[in-house]
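Read off the chains here:
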Amino acid sequence: MKKRTYYLIILAWFQSVSFNIAHPITPSFVAYLGIPERMFGIFFATMSLGVVIASPFWGMLADRGNPLKYMLIGSFLYALGQFGFGYSEDVIFMVISRFISGLGAASLLTITAALIVQHEEKTYVGKALSWLGAFIILGGSFGYYLGGFVSRFQSFFETSSYQYVFLVQIVAIAIYALLVFIIIKPINEVHVVQQNTLLTNIKNMIKIPFHQTLFFISLMFATMSYIYMSKYLDVYFNTLGYNPSILGQFVLISGIISVLFTLLVVPKIIYMNKMIWITVFFMMSIMSLLIGFRVNNFLLSMYTIYIFYVISKAAYQPFEQSYIASFESLPYGALMGIRQLFVGLGMVIGPVLLGNIYDIDPILSFDFAALMILISLVFSLLSVIQRKKIKKS
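Residues numbered from 1 in each chain as written. Predicted model: local features only at pLDDT ≥ 70, side-chain atom pairs only at ≥ 80, totals over all residues. Heavy atoms only, no water.

(A) Summary view of the overall build of the protein. Looking only at helices and strands, the protein features 16 helices and zero strands. Counting every position in the protein, which comprises 393 residues, the buried fraction comes to 52%. Long-range pairs, those at least 24 residues apart, make up 84% of the contacts in the protein between residues at least 6 apart in sequence. Per element, the accessible surface of the protein, about 17,100 Å² overall, is 69% carbon and sulfur. (Helix = DSSP H or I, 4+ residues; strand = E, 2+ residues; numbered from the N terminus. Buried < 20%, exposed > 50% of the residue type's maximum accessible area, 1.4 Å probe, protein only. Contact = heavy atoms within 4.5 Å. Areas by Shrake-Rupley, 256 points an atom, 1.4 Å probe, with all protein chains shown as cover.)

Listed below in structure tokens is the structure:
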């Protein structure tokens, strides 16, 4: 891979670190403000909505050249949103702030991947994007750990609130913006691959066969579960009285294990029967959720049982993307646009729907997360059956 690609991957790692610093303390911070736990899902869903809406527009803006400008604007918007969320102490303004953060995050995720696609040798693009995804996971895990570590300094800052963690995050984002300025400046004039707008993705849905629609619905239900668990596990740690540093340690260790599995094991099995492996990953997820939260020793269960849910989540993405790549109804870019639409729906619906169930009973909400995986599995199998019928005819 080109040296420039390595720089972009390292930059993405630092972005993921800085963007995740406040995540482990957010449940404790929301509880400190006396805000109901169901609002945590609304906060995340609002940010996800900002990402879904803004991603195509950032791609089209950067298509005009000067990605440096749009990445710096994105950094500013994310930092602004985090400051508003951490210091407004007003629920409505906190929701608006999360939406602003989503708008900013979208620019960085969109343009970094596009720069790699645009400048890397075609034979290395797949490898480069795999490493990009792995380093984003690692960065996010380290960001969780760092945020948990910083949370220990409440006495030093003489405060009972975690607001100071948001300031630490903003400083980290400022350092990231400086690195963007240094690294991206030499490749200022580029042609970034344009993404489909939301309306275009909806129009394209009409053109695809029914079996493909079934698979995209399956993807939406899987996303509802995976996104919900990735966020409300944070809330559950806080509900059980664990401090953010314990959560940060778990996310760091599970993130490293997931990345190692994705880089070392997935490439060896991804060319086998994809639906068989997707079924295996789904069954791992279901059993991990149904058993893992009923074991008396919670932390031991997280590291020995729930960890299989984390691994299956990390492994599922390359398999579903590879399976979608086998569709021939539309160009790959259009199919990925439809994919992002259904992933976006799952990211918005999952935390809101299951978050309200969490308010009733946390364990029940995790059972429903398992149910979402089961429904996803059913739609996946129906998709395969329908596809085989079409081939026979």
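(B) Structural view of a nonpolar patch on the surface. A surface patch of nonpolar side chains, about 670 Å² in accessible area, is lined by I360, L364, F368, L371, L374, V378, L382 and I385. No other element matches helix 16 (residues 362–392), which puts seven residues into the nonpolar patch. Here L382 lies in helix 16. What makes L382 partly exposed here is its relative accessible area of 41%. (Patch = residues over 30% accessible without salt bridge, like charges linked within 9 Å, V, L, I, M, F, W, Y side chains within 5 Å. Salt bridge = Lys/Arg side-chain N within 4 Å of Asp/Glu carboxyl O.)

(C) Looking closely at the pattern of salt bridges. Applying the stated criterion across every chain, the model contains three salt bridges. The closest approach of N and O atoms between D367 and R294, which form a salt bridge, is 2.7 Å. Of the two residues, D367 sits in helix 16 while R294 sits in the loop between helix 13 (274–292) and helix 14 (298–325), which places them 73 residues apart along the sequence. For R294, a relative accessible area of 48% gives the class partly exposed.

(D) Representation of the nonpolar core in the model. Core analysis: the biggest nonpolar cluster contains 61 residues, and F216, M229, F293 and Y306 have the highest contact counts within it. Elements that contribute at least two residues to this core include exactly helix 3 (38–62), helix 10 (210–239), helix 11 (244–264), helix 12 (266–269), helix 13, helix 14, helix 15 (332–360) and helix 16. Ranked by residue count, the leading element in this core is helix 10, at 16 residues. In contact with M229, not counting residues within four places along its chain, are L289, F293, Y306, Y309, F366 and A369. By size, the runner-up hydrophobic cluster in this structure holds 26 residues, among which are V51, A54, Y78 and A79. (Core = buried A, V, L, I, M, F, W, Y, C linked by side-chain atoms within 4.5 Å.)

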